[in-house]
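Structural overview
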Amino acid sequence: MKITRLEDVERQSGGRSVAVGTFDGVHLGHRQVIAGADSVLTFDPHPVAVVAPQHTPKLLTPLARKAELIEELGVRELIVIPFDAAFAAKMADEFVQDVLVGALGATSVAIGENFRFGHKAQGDPRLLAAAQRFRTVVHPLLEVDGEIVSSSHIRGLVLAGEVAEAKALLGAPFQLRGEVVHGDERGRELGFPTANLVPEDALVCPGHGVYACVSYDDPARPRPAAVSIGVRPTFQTGRGELIEAYLLDFEGDLYGRELRLDFLARLRGERRFETAEALIEQMHRDVQRTREIVQAS
């Protein structure tokens, strides 16, 4: 899939079928909007980070992950608008004429019913339909089990550790990725050497606890991983929040490499153990349960 900044877009014969949205998470509702589009138009950073930075949400998907998920849907081109104060000041009719018609030559535009655009969010589906320069397809909000599928709802699920529920609404596992960093090697001392990641402040991180994951230090080699997120209450470490991944059946050094973690299920909450031996016994149970969940997935 081609990824292009708006200013580098080239006009193409026959125009474009475009899905437009922020698409954080690329969840089931987003997938309905994107279905059938050959191009997706999105924004980076999240528009709220510019127009109301005090309300900036933690993201489910950084741009690279969003691009991967959109490519998996068969989209030919991802067009990214670098969202800044100047673009936020663009009037809604300017967005239609300059971007959708002028830059993209859109013949069809698909949006969700809650999509707003232009200065002070003055543009809405009715304004798009009135443009009559392209076909406008407005998708109603998707409901699953009586709940609206939204990025904000899924963020709440992930923060609460309900990663299996989040996976069902995302259509793919919630994923974290990052560079493996040095820790204090406490896991190695316990017989469970871990690959450590530091959570990115801009991204959602699952609540403290232990999770069954699939890890990827190489896209072609998925491995089960028991992952602990928290501050390790059994030990006084002085460290902040850390993501510690024990990769099953793996020996080697991952320092400095990127590790991806797909979260499948929460095994338990974070808790203090009276002895290191009690913790080790529980870790053995966590590893066995992780193996079972990954094998069943």
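Residues numbered from 1 in each chain as written. Predicted model: local features only at pLDDT ≥ 70, side-chain atom pairs only at ≥ 80, totals over all residues. Heavy atoms only, no water.

The six strands lie next to each other as β1-β4-β3-β2-β5-β6, forming an open sheet whose pairing is parallel. Whereas interior strands pair on both sides, the edge strands pair on one side only; in this sheet they are β1 (2–5) and β6 (135–139). On average, each strand axis in the sheet is inclined to that of its neighbour by 25°, with strand direction left out of account. Across the face of the sheet, helix α3 (residues 63–72) comes into contact with β1, β3 (39–44) and β4 (77–82) while running at roughly 165° to β3. Against the sheet, helix α5 (residues 92–103) touches β2 (16–20), β3, β4 and β5 (106–112), its axis set at about 135° to β3. (Pairing = 2+ DSSP bridges. Helix = DSSP H or I, 4+ residues; strand = E, 2+ residues; numbered from the N terminus. Axes fitted to C-alpha atoms, helices over the stretch in contact; angles between N-to-C directions. Contact = heavy atoms within 4.5 Å.)

Glancing now at the environment of H119. Among the structural elements, H119 can be located in the loop between β5 and α6 (125–131). Judged by its relative accessible area of 27%, H119 is partly exposed. Placed 28 residues apart in sequence, H119 and M91 show a C-alpha to C-alpha distance of 4.9 Å. (Buried < 20%, exposed > 50% of the residue type's maximum accessible area, 1.4 Å probe, protein only.)

Looking now at the side chain of R177. Within the secondary structure, R177 sits in strand β9 (residues 174–179). Within the structure, the side chain of R177 is placed 2.8 Å from the side chain of E68, a separation counted as a polar contact. Within the local environment of R177, its side chain forms a polar contact with the side chain of Q175, the two groups lying 2.7 Å apart. With residues up to four places along the chain from it excluded, the contact list for R177 reads A64, R65, E68, E200, E258, L259 and R260. (Polar contact = N/O pair within 3.5 Å; in protein donor to acceptor, adjacent residues only side chain to side chain.)

A few words now on the packing of helix α7 (residues 151–159) against helix α8 (residues 163–170). Running from N to C, α7 and α8 cross one another at 155°; their axes reach a closest spacing of 8 Å. The angle between α7 and α8 places the two elements in the roughly antiparallel class. In the crossing of α7 with α8, the sense of the turn from one axis to the other is left-handed. Contacts between α7 and α8 involve H153, I154, L157 and V158 on the former and, on the latter, E165, A166, L169 and L170. Across the contact of α7 with α8, the residue classes tally to six nonpolar, one polar and one charged. (Parallel < 35°, antiparallel > 145°, perpendicular 65-115°, else oblique. Left-handed = near helix turned anticlockwise from the far one by under 90°. Nonpolar A, V, L, I, M, F, W, Y, C, P; charged D, E, K, R; others polar.)

Purely spatial values, then, with no claim about function.
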